[in-house]
Amino acid sequence: MSLTGTPFFLTSLALLITAVVLPLGLWGRIAGPRLIRTLARLLMLLFAQVTAIVVVFVLVNNANNLYDTWGDLLGTDSHVQAAQDLGPDGMGGRKIKDEPKQLQRFRPTGDPRMGTGVQMTDLKGRISGVSGEVYVWLPPQYNDPAYRNTEFPVVELLPGYPGSAKAWYGSLHVGEQLRPLMQRGEIKPFILVSPRTNILTGADTGCVNIPGKVNADSWLTVDVRKMVIDNFRAGGKPDSWALAGYSAGAHCAAKLALAHPDRYRAAVSLSGYNDPALEPDSLAGKDPKLRVESNPMHILKAANATGRPPRTALYVSGAAGDGYQAGIGLRQIAKPPTTVTVHQLAAGGGHTTAVWQTQVPEVFRWLGQQVGS
């Protein structure tokens, strides 16, 4: 039973009602020695408290899509099949153009909270050695005969940590917000792709490659990207691709776009950070070398030092102390053709999906100006 599904919520609610009714009906009718009566009443109270906590957890989890499965919650699932040393480009000496197509079967999500039109597949990454689900949403124009020869731009959507690949659809309602805007021509039609990012037990990968541990970078920027191009009318050039993330996903979006201008043109960072150590569970933040190398500030400085600043457009939004300063730091060192747009949010909104949800139309209008088909 899924942690984010309606059946689990209804089950937990039924248990809570039972836990409340049970003491009312049995409290004075418990027979036996005093010790037995006391223990029975304590157990009923404990049952009521546990069920109340479960219902609160389910409500919070459903609102924010933090944990999708029991394996995610308990840390019993690992989605890493292999983690070879793939080198600086994350390819392990292989060429994308030489790799055979990876055609996938897609199926409906079965989760009404994600809105209509979202489909999913289970992908085994041939390069990264990572396996996980990938959700895809197609714009309303995709099946229009007038667009049958059109290749669409793509945005990879990254959640925070912990976070489910469902979050952009189920909590930020990205598909439901964008569909009418795309139908009216107010926003460019994009293919939206949301891959699993919670791929290692009890840790935030920081979207990096760590030989022998995990190749999260290659999973997102090589395997997922190639699979989408192989299965849909998606543009294959860097100008057709962008990333968008919030919180830990915002850090990943900026880092990956700056590190791979040969794969992405733009990135959106919502309430993110530059230093990966700001996420206590980040593997990149715990490694002194990776902490520096995966910091978007360092990536940009290193590229500038070689005289080759990346052709990357960044949109960074956040409140003071929650993403805004990270954007200012990047903007201060950006050199053409790198561009950094910084938007300061009013204080008081918090680090919540409600804050990021309201920004969806704005950031996709910006993406429409940066990314082409």
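First things first, this report covers the structure right here in the doc.

What counts, and where the lines are drawn
Residues numbered from 1 in each chain as written. Predicted model: local features only at pLDDT ≥ 70, side-chain atom pairs only at ≥ 80, totals over all residues. Heavy atoms only, no water. Phe/Tyr/Trp six-rings, centres within 6.5 Å; stacked < 30°, edge-to-face > 60°. Helix = DSSP H or I, 4+ residues; strand = E, 2+ residues; numbered from the N terminus. Buried < 20%, exposed > 50% of the residue type's maximum accessible area, 1.4 Å probe, protein only. Polar contact = N/O pair within 3.5 Å; in protein donor to acceptor, adjacent residues only side chain to side chain. Contact = heavy atoms within 4.5 Å. Patch = residues over 30% accessible without salt bridge, like charges linked within 9 Å, V, L, I, M, F, W, Y side chains within 5 Å. Areas by Shrake-Rupley, 256 points an atom, 1.4 Å probe, with all protein chains shown as cover. Salt bridge = Lys/Arg side-chain N within 4 Å of Asp/Glu carboxyl O. Axes fitted to C-alpha atoms, helices over the stretch in contact; angles between N-to-C directions. Parallel < 35°, antiparallel > 145°, perpendicular 65-115°, else oblique. Left-handed = near helix turned anticlockwise from the far one by under 90°. Nonpolar A, V, L, I, M, F, W, Y, C, P; charged D, E, K, R; others polar.

## Some thoughts on the packing of aromatic side chains
Then, number 1: Under the criterion given, the structure shown has 9 aromatic pairs.
Then, number 2: Taking 5.5 Å as the distance between ring centres and 35° as the angle between the ring planes, the aromatic pair formed by tyrosine 142 and phenylalanine 152 counts as tilted. Here tyrosine 142 is found in the loop between β3 (131–137) and β4 (154–158), whereas its partner phenylalanine 152 is found in the loop between β3 and β4, with 10 residues between them in sequence.
Then, number 3: Residue class for tyrosine 142 comes out buried when judged on its relative accessible area of 9%.

## Overview of the side chain of serine 194
Then, number 1: Relative to the helices and strands, serine 194 resides in strand β5 (residues 191–195).
Then, number 2: Looking at serine 194, the relative accessible area reads 0%, which means it is buried.
Then, number 3: A polar side-chain atom of serine 194 sits 3.5 Å from the main-chain carbonyl oxygen of leucine 157.
Then, number 4: Dropping the residues within four chain positions of it, serine 194 is found in contact with Glu133, Val134, Tyr135, Leu157, Ala165 and Tyr169.

## Structural notes on a nonpolar patch on the surface
Then, number 1: On the surface, Trp27, Leu35, Ile36, Leu39, Leu42 and Leu45 cluster together to form a nonpolar patch covering roughly 570 Å² of accessible area.
Then, number 2: You can call tryptophan 27 partly exposed: its relative accessible area is 35%.

## What about the environment of serine 194?
Then, number 1: When the C-alpha atoms of serine 194 and tryptophan 168 are compared, they prove to be 7.7 Å apart, with 26 residues separating the residues in sequence.
Then, number 2: A distance of 2.5 Å separates the side chain of serine 194 from the backbone oxygen of alanine 165, its partner in a polar contact.

## Comments concerning the side chain of serine 294
Then, number 1: Locating serine 294 in the fold gives a position in the loop between α9 (288–293) and α10 (296–305).
Then, number 2: A polar side-chain atom of serine 294 sits 2.6 Å from the main-chain carbonyl oxygen of leucine 290.
Then, number 3: Leave out the neighbours within four places in its chain, and serine 294 touches Val208, His251, Lys255, Asn274, Pro276, Ala284 and Ile299.

## Quick notes on helix α5 (residues 174–183)
Then, number 1: Along α5, 7 of the 10 residues are buried, which leaves the element largely enclosed by surrounding structure.
Then, number 2: The set of residues buried in α5 consists of Val174, Gly175, Gln177, Leu178, Arg179, Leu181 and Met182.
Then, number 3: Immediately beyond the C-terminal end of α5, within one or two residues, lies glycine 185, with a positive phi of roughly 80°.

## A short note on the packing of helix α7 (residues 248–259) against α10
Then, number 1: Running from amino to carboxyl end, α7 crosses α10 at an angle of 15°, the nearest separation of the two axes being 9 Å. Classified by the interaxial angle, the pair formed by α7 and α10 is roughly parallel. Crossing of α7 over α10 shows left-handed handedness. Mapping the contact onto sequence places His251, Ala254, Lys255, Leu258 and Ala259 in α7 and Pro296, Ile299 and Leu300 in α10.
Then, number 2: When the residues that make up the contact of α7 with α10 are grouped by side-chain class, the tally is 6 nonpolar, 1 polar and 1 charged.

## Some words on unusual backbone geometry
Then, number 1: Residue proline 162 is reached from tyrosine 161 by a cis peptide bond, and omega for that bond is -15°.
Then, number 2: Mapped onto the elements of the fold, proline 162 is located in the loop between β4 and α4 (167–170).
Then, number 3: Geometrically, the link from proline 336 to proline 337 is a cis peptide bond, its omega value of 10° lying close to zero.
Then, number 4: Position of proline 337 relative to the elements: it lies in the loop between α11 (324–333) and β11 (339–344).
Then, number 5: Phi angles above zero are rare outside glycine, and cysteine 207 is one such case at about 55°.
Then, number 6: Note on placement: cysteine 207 falls in the loop between β5 and β6 (209–210).
Then, number 7: With a relative accessible area of 4%, cysteine 207 lands in the buried category.

Function cannot be inferred from these measures alone, as they are strictly geometric.
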